[in-house]
Amino acid sequence: EEYLEQEYQKFDKVYEEHAKELNVAFLDFLSDYCGYSLKEYTDQKQKKCRSIVKKKMVVEAIAEKEGIEADSYEELLKEVEKMLIEETTYIQEQE
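We now turn to the structure provided with this report.

Reading guide: rules and limits
- Residues numbered from 1 in each chain as written.
- Predicted model: local features only at pLDDT ≥ 70, side-chain atom pairs only at ≥ 80, totals over all residues.
- Heavy atoms only, no water.
- Helix = DSSP H or I, 4+ residues; strand = E, 2+ residues; numbered from the N terminus.
- Rg over C-alpha atoms; globule rule 2.2 N^0.38 Å.
- Buried < 20%, exposed > 50% of the residue type's maximum accessible area, 1.4 Å probe, protein only.
- Contact = heavy atoms within 4.5 Å.
- Polar contact = N/O pair within 3.5 Å; in protein donor to acceptor, adjacent residues only side chain to side chain.
- Axes fitted to C-alpha atoms, helices over the stretch in contact; angles between N-to-C directions.
- Parallel < 35°, antiparallel > 145°, perpendicular 65-115°, else oblique.
- Left-handed = near helix turned anticlockwise from the far one by under 90°.
- Nonpolar A, V, L, I, M, F, W, Y, C, P; charged D, E, K, R; others polar.
- Phe/Tyr/Trp six-rings, centres within 6.5 Å; stacked < 30°, edge-to-face > 60°.
- Lys NZ or Arg CZ within 6 Å of the ring centre and 35° of its normal.

1. Observations concerning the overall build of the chain
The helix and strand inventory of the chain stands at four helices and zero strands. Shown N-terminal to C-terminal, the secondary structure of the chain runs as helices and strands in the order α-α-α-α. Computed over its C-alpha atoms, the radius of gyration of the chain comes to 19 Å, more than 25% above the 12 Å expected for a compact globule of 95 residues. Along the longest, intermediate and shortest principal axes, the C-alpha atoms of the chain span 55 × 30 × 25 Å. Considering the chain as a whole, with its 95 residues, one finds that 22% of them fall into the buried category. For the chain, long-range pairs separated by at least 24 residues make up 38% of all intrachain contacts whose partners lie at least 6 apart in sequence.

2. Things to note about the side chain of lysine 56
Residue placement: lysine 56 occurs in helix α3 (residues 38-66). Given a relative accessible area of 10%, lysine 56 falls into the buried group. In this structure, lysine 56 is in contact with Tyr3, Glu7, Lys10 and Tyr73, ignoring residues within four places of it in sequence.

3. Some points on the side chain of aspartate 12
Along the chain, aspartate 12 turns up in helix α1 (residues 2-21). Among the polar contacts made by the side chain of aspartate 12, one reaches the side chain of tyrosine 41 at a distance of 2.5 Å. Excluding its chain neighbours within four sequence positions, the residues that come into contact with aspartate 12 are Tyr41 and Lys45.

4. Here's the deal with the packing of α1 against α3
Between α1 and α3, the shortest axis-to-axis distance is 9 Å and the interhelical angle comes to 130 degrees. The angle between α1 and α3 falls in the class oblique. Remark: the crossing between α1 and α3 carries right-handed chirality. Residues Tyr3, Leu4, Glu7, Tyr8, Lys10, Phe11, Asp12 and Tyr15 of α1 form the contact with α3, whose own contacting residues are Tyr41, Gln44, Lys45, Gln46, Lys48, Cys49, Arg50, Ile52, Val53, Lys56 and Glu60.

5. Structural notes on the packing of α3 against helix α4 (residues 73-94)
With their axes 10 Å apart at the nearest point, α3 and α4 run at an angle of 65 degrees to one another. Every pair of crossing elements has a handedness; the one defined by α3 and α4 is left-handed. In this structure, α3 uses Lys55, Lys56, Val59, Glu60, Ile62, Ala63 and Glu66 to contact α4, whose residues at the interface are Tyr73, Leu76, Leu77, Val80 and Met83. Here the contact of α3 with α4 is built from residues that sort into eight nonpolar, no polar and four charged.

6. Some thoughts on the packing of aromatic side chains
Applying the stated criterion across every chain yields a total of six aromatic pairs. When the ring of phenylalanine 11 is compared with that of tyrosine 41, the centres are 5.5 Å apart and the planes differ by 45 degrees; the resulting orientation is tilted. With phenylalanine 11 in helix α1 and tyrosine 41 in helix α3, this pair connects stretches of sequence that are 30 residues apart. An aromatic cluster is present here, built from Phe11, Tyr15, Phe26, Phe29, Tyr33 and Tyr41 joined pairwise through their rings. Positioned above the aromatic ring of tyrosine 8 is the side chain of lysine 45, whose terminal nitrogen or guanidinium carbon lies 5.2 Å from the ring centre.

Have a look at this one:
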């Protein structure tokens, strides 16, 4: 739940910054520049953020199972990717 709220905030920040850069109100930016109604924006935000959170949870579950630790999610992701590439390479070599 915490991850989801963080992703929502990141998502909103990006759109709010673009609106500010163009010096237009947020809702005007959504409709005029993005072609979104507020509902469409909210639906898109929920879909995208839930997908991101699911991916993070999968990465963390793999890391926990494999005993991989890191100081940040980005580092954790790199370590998990590295492990998966090594495993894939090993499997391909065995075929």
